[in-house]
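Each chain, written out:
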Amino acid sequence: MGITFRKETFRDDFTFRNSPEHIRRFPFPFHEDAYMYAVNIEPHVVGSRGSVLENLIDVDEHYVAEMQDRALVLAEDPLRCQSLPHMTLAGWDLLELLMEQQALGYPEHFTLTRDGDRWRWINRPLGIDDTFTFGDTSTLPYGPMEYITRQSQGDFCILDQRDGNLWMDAGMVTTQADWSLDFDIGMNFFEWHAPVPLAHEKGIFVRALKFLTNIQQGKPARRLNWTMTINPRLDTSPENYHKWGPDRATVTPENVGDKVHLRVELQSFWRLPRSNGIVFPIRCYLIKMDELVTQPKWARRLHRVIRDLPDELANYKGLTRYRPALVEWLSKLDDGSATSPGFGPD
Amino acid sequence: MSIGTTKLDVVVSDVVPVNDLVTRFHFRRRDGELLPIFSGGAHVVVEMRDGERTRLNPYSLMGSPLDTREYTISVRRDDVGRGGSLFMHRHVRPGMEMVVSYPVNLFSLDLRARKHLMLAGGIGITPFMAQTAQLAAEGGNFELHYTCRTASLGTYADVLRERYGRRIRLYHDDREERIELDRLLSTQPLGTHLYVCGPAGMINWVRDRAASLGWPTETVHFEHFAAPQPGLPFDVTLAVSAKTIRVDEQQSLLEAIEAAGVDPPYLCRGGVCGQCETNVISSDGRFIHNDHWLSEEEHRSGKKIMPCVSRFEGRSLVLER
């Protein structure tokens, strides 16, 4: 058994697709026919078989292609991966977490063996078999955070906790929805959230920070966030805005189904044991409209959500330009009938 | 959503008297696995089944964070306290099965520090046992100043001196030895962080002097668990759960709420972490606030209480629980 990894691209010819099984496991983020910010945090516990929550760190059919795309981004721009000097210990914490979770969830693809500080890591999909000394950076080809996040889907921010705040002091960020680690590095929780509209007035960040600073070891938490992306491009960074920004002007009524993608982030929050830091994996899932509307409930619900979205949010998420075309296209798939409660397809 | 800690089923693997007041307890996992790794400065909450009562007391982990075959805590006997330390000293024996929380760190090292300057008073030495072990393993730069009543009550002073030599400075009250605090604080290299754990008077003294001498507040760290104080019994109405309860003399408000079958979130049970913060719906009487979490303004407002350490005297108190 095991996963069949797809050969596909997230740039140029954009051959990224979801298999039918992956369409059904897509983490659709709307549990009702409307969307507004909420502190929608819940315990990050294992979910049902076949869902993206079957394992706490999810590996899917896009793994190999995503890791290749990450390597291309880093070759062009090494500042997508940064770790301030005091964050090396947290990097080892993260290496342990990701190796343990991937080996636990996918033993046919990953194996971790430990003999005291002497560790052997086998990553079969990427053809890696390394033996190293835990805690000794000189025994790995990269720093511990960079080493393991070149082999793990999703972006990773490591937050230092001090002075009652969280500080963005390390990260690997190449699959982001228009934000920049190089810009945010060293900022605290309120500083890096400053651009988000509406949420400050609702006091959401004060409550969210209080929650996050109390995240306990062995009790990770999660939330979903979403936006939309034109073409299945993982790297929608401010640094590369000139490459993807203009794509938004290319949406026509004819190509909505192929070009417009719902982009969902499964964000989780984990206390790191040695450093007392927090790691914040941001796992990005993409699905094109043609794939999404194969589930009629999702088509109806997404139509209503996008149609009724407050303008500030539509602007912040960058949808304004193509929203009319998208709503028009989705409206043809919405017969007005009720949608069942919950996230999943019918 | 309640975010209390995950629990660990442990067995007491050893009980070692250290001196007239302090006893050390060792715990291992009942399933033989390793315990979770922790960071220096972390504590666990130990659950004690004392007859009808459940006591939950926080204690700093004092072993090396690198060795998680066992957790060790040191408990100072408090003959006039509410009984948790007496329970540990009198009833806990090797082989006993107990439950402790996952580690929680509210007194973390700032890993940006170029130097860690540590000041300990009495049993306040325990978090530094783990922090010095962590720093020593990484080649960290630290210096520990430890004040105790007498040499025989200088818990682990000998161990520390043997491990770290001149990086440990001892001060004995009975020999009139005192930390020359102003000189110490005035002669540190840039980038030094200051850590203090000990009696409230010592913590306040160090914080005050550091502030006067221009230390930025972000560089001064302190661990200050308040033990819940006994007091007069009082009645409380829990509006959400529609219950009226009595808080006994030796019981904390949080313990009384839990005894009634209501489970507010908690982490430290010492007035520090903020988890059990509770809204007051109405009150007629006087609050006795003992926490370090709420602001003075919030204390005066009568709108909030930290039930882990604070009490009430008066006619009626209605809480949003």
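Everything numeric here is computed off the predicted structure, so don't read it as measured data. (Residues numbered from 1 in each chain as written. Chains lettered and ligands numbered in written order. Predicted model: local features only at pLDDT ≥ 70, side-chain atom pairs only at ≥ 80, totals over all residues.)

### Concerning the sheet that holds strand S10 (residues 278–288) of chain A
All names here are of chain A.
- Taken in spatial order, the seven strands make up an open sheet running S1-S8-S9-S10-S6-S7-S2, and their pairing is antiparallel. This sheet does not close on itself; its edge strands, each paired only once, are strand S1 (42–43) and strand S2 (81–83).
- With five bridges connecting them, strand S6 (residues 155–162) and S10 associate as antiparallel partners. When the bridges of S10 are listed, Cys157 appears paired with Phe280.
- The strands touched by helix H7 (residues 204–213) are S6, strand S7 (165–172), strand S9 (260–271) and S10; relative to S7, the strand with the most contacts, the crossing angle is about 75°. (Pairing = 2+ DSSP bridges. Helix = DSSP H or I, 4+ residues; strand = E, 2+ residues; numbered from the N terminus. Contact = placed C-beta atoms within 7 Å. Axes fitted to C-alpha atoms, helices over the stretch in contact; angles between N-to-C directions.)

### Some points on the packing of helix H11 (residues 296–308) of chain A against helix H13 (residues 323–331) of chain A
Residue and element names in this part refer to chain A.
- Running from N to C, H11 and H13 point in directions that differ by 150°, and their axes come no closer than 9 Å. By crossing handedness, the relation of H11 to H13 is classed as left-handed. Contacts from Ala299, Leu302, His303, Ile306 and Arg307 in H11 reach Arg323, Leu326, Val327, Leu330 and Ser331 in H13.
- For the contact of H11 with H13, a count of residues per class yields six nonpolar, two polar and two charged. (Left-handed = near helix turned anticlockwise from the far one by under 90°. Nonpolar A, V, L, I, M, F, W, Y, C, P; charged D, E, K, R; others polar.)

### A word on the confidence of the model for chain B
- Predicted confidence across chain B gives a mean pLDDT of 93, with 98% of residues reaching 70 or more.
- The complex model carries a pTM of 0.89, and its ipTM stands at 0.85. (pLDDT = per-residue confidence, 0-100.)

### Notes on the interface of chain B and chain A
- Across the contact, 20 residues belong to chain B and 14 residues belong to chain A.
- Along the lines of polarity and charge, the residues of the side of chain B that touches chain A split into eleven nonpolar, six polar and three charged.

### Considering the nonpolar core
- With 75 residues, the main nonpolar core has Leu61(B), Val100(B), Met118(B), Ala120(B), Leu144(B), Val196(B) and Val236(B) as its most contacted residues.
- Those residues in contact with Val196(B) that lie beyond four places of it in its chain are Leu119(B), Met202(B), Ile203(B), Val206(B) and Phe222(B).
- Listed in part, the 36 residues of the second largest apolar core include Met87(A), Met99(A), Ile158(A) and Ile215(A). (Core = buried A, V, L, I, M, F, W, Y, C linked by C-beta atoms within 7 Å. Buried ≥ 20, exposed ≤ 12 C-beta atoms within 10 Å, placed from the backbone.)

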